[in-house]
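# Summary of the model geometry
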Amino acid sequence: MNFIFSNYTLRKASMLSLVVLTLTYCKKEDNFIGSELQKEDLGVNQLANFNITTYTKESDSLRADELSTATLGSMNDPDVGKTESSFYSQLRLPVDNVDFAVNGSLSDIVLDSVVLTLEYADYYGSLDAQSFEVLELSEDMYIDSAYYNGKSFASNPTNLVVPGSRVQVPDPITSVFTPTDSTSAQLRLKLNNSFGQKIMNESGNVTLSDNDNFVQFLKGIEVKVNNPGQATNEGAILLFNLISLNSSVTLYYRDTVAKDTLSFDLLMNTNCARVNKNVHDYSGTLVANQLADSTLGADRVYVQGLQGLKTEINLTDIMRLKDSNIIINKAVLKIPVDNTAGNDFDPIEQILIVRNEDDLKYLLLDQTMFAGQAGLDNVGGQWNEDDSQYEFTITRYLNNVLNGNFPNNRLTLETISAMVTPNRTIFYGHNSVVQKPMLTITYTKY
């Protein structure tokens, strides 16, 4: 069976959108391959002198809506330039018919503060101070609409974060402790009370009767950063669990008559329209030159998450093995990594390799089925820090190419969960003087 996905849409942080197609399997062909194959003493035949071409391209457009993880922040990577992430989300009432009034009056109700709380899931980069902004949307969002990365929603220009809360050093590690409990690490942004007061002023009105009416009144929020002076090697992309119960906008208020201190949460949950947005600026980097001229990918090439970059690989002379009396027992593609020490931008943990045909992308057979089991482990692609490389097993794929079942089109290296993976990897290209990609084939004649 063969798996296909259009535009490499990786949804819900760790799921691939896959469609099953039928496939004709390998067949024997009795032909002589030639004298360039080397046979070792133990009878194992290997060949490793293949020409490989590498180049960098921008990643394909990806769906950015209803992801469980939100990305926020900016970073200035010395190799791939600047990345800035933000997100949009609706807010929802926890119950219908909300009424803050006491005996029909708000005169005894005092709003103390409004706080946006976001539960950390992870981070990537350097935990330097960042300046945060929260804006109220003026454009509708719809949960049943498809939104792609780069989509912007109109918002009011006023930053709702109070001045004393805007600049913070992110702390995604330290738990938050209360007198009765502890919770996961959180980013807490204090918002202007006017934002909460306008909600409380609708108390008892149809505006707060249900969520259909509420999202017409409060269309949502945009959460972003503003870090124009960020230096090279500074900054981080912060990952948040947006649908956690700890992620919400909370109104803290008092009933001055009953002397009660109360709170009310506006929720971000699976019923909210949510959209991530990532912007990359490659100005002044080698990446910008490669995107303008793909032949410059001979020395180094790149894979970057958050719909950033992908590496294309052409096995330019694999077809010289066609019509030969061999069966490939194992084919391993090794891609070495330039893992420069001294910065916080680690390589991607898992890279996906796909084949291309008719403007569609297909998972390799080696990944989709091996010994009756499907999974990424069959094809590899895990970051090997000890050897500073990625290794891909592409045996079944190459057998099908040589037997005419697949065209010998380019292979693509991309990021799994690309809209929520901020990491990047720098590969040595095909003309690197340090290391080069290598394809090693072990085969038998028949």
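Now for a look at the structure at hand. Just so you know, these numbers come straight off a predicted model, no measurement behind them. (Residues numbered from 1 in each chain as written. Predicted model: local features only at pLDDT ≥ 70, side-chain atom pairs only at ≥ 80, totals over all residues. Heavy atoms only, no water.)

For the rest of this paragraph, the subject is helix α2 (residues 193–200). Restricting attention to buried positions, one finds in α2 the residues Phe195, Gly196, Ile199 and Met200. Each buried residue of α2 lies within a common arc of 135° when the element is viewed along its axis, so the set occupies one face. In this structure Asn192 caps α2, since a side-chain oxygen of it lies 2.9 Å from the backbone nitrogen of Ser194. (Buried < 20%, exposed > 50% of the residue type's maximum accessible area, 1.4 Å probe, protein only. Helix = DSSP H or I, 4+ residues; strand = E, 2+ residues; numbered from the N terminus. Arc of directions from axis to C-beta. Polar contact = N/O pair within 3.5 Å; in protein donor to acceptor, adjacent residues only side chain to side chain.)

On to the environment of Ile109, then. Within the element layout of this structure, Ile109 appears in strand β10 (residues 109–125). With relative accessibility at 11%, the residue Ile109 sits in the buried group. Remark: the alpha-carbon pair of Ile109 and Arg254, spanning 145 residues in sequence, is separated by 5.7 Å. Setting aside anything within four residues of it in sequence, one finds Ile109 in contact with Phe100, Val102, Met200, Tyr253, Arg254 and Asp255. (Contact = heavy atoms within 4.5 Å.)

On to the nonpolar core. Of all hydrophobic cores here, the largest spans 40 residues; its most connected members are Leu116 and Phe195. If one sorts the elements of this core by residue count, β10 sits on top with 6 residues. Residues contacting Phe195, with those up to four places away along its chain left out, are Leu91, Val114, Glu136, Leu160, Leu218, Ile221 and Val249. (Core = buried A, V, L, I, M, F, W, Y, C linked by side-chain atoms within 4.5 Å.)

This part covers the side chain of Ser86. As for its position among the elements, Ser86 is in strand β9 (residues 81–89). Take Ser86: its relative accessible area is 9%, and that puts it in the buried class. Apart from residues lying up to four places away in sequence, Ser86 is in contact with Thr71, Leu72, Val223, Lys224, Val275, Asn276 and Lys277.

So, about the pattern of salt bridges. Here the structure, examined in full by the defined rule, presents 17 salt bridges. Taking the shortest distance from any N to any O, the salt bridge between Lys361 and Asp60 comes out at 2.2 Å. With a gap of 301 residues between them, Lys361 in strand β25 (residues 360–363) and Asp60 in the loop between β7 (52–58) and β8 (69–77) connect regions that are remote in the sequence. The class of Asp60 is partly exposed, set by a relative accessible area of 23%. Among the salt bridges present, the one from Asp338 reaches Arg300, with a minimum N-O distance of 2.6 Å. Highlighted residues: Asp338 in the loop between β23 (326–336) and β24 (351–357) and Arg300 in strand β21 (residues 300–304), separated in sequence by 38 residues. (Salt bridge = Lys/Arg side-chain N within 4 Å of Asp/Glu carboxyl O.)

Extensive coverage of strand β16 (residues 221–225) is indicated by the burial of 4 of its 5 residues. Bridge count between β9 and β16: 3 bridges; the pairing is antiparallel. Bridge pairing in β16 places Phe87 opposite Val223. Bridge count for strand β11 (residues 130–136) against β16 is 5 bridges, and the pairing is antiparallel. Opposite Glu136, over in β16, you have Ile221 as the bridge partner. (Pairing = 2+ DSSP bridges.)

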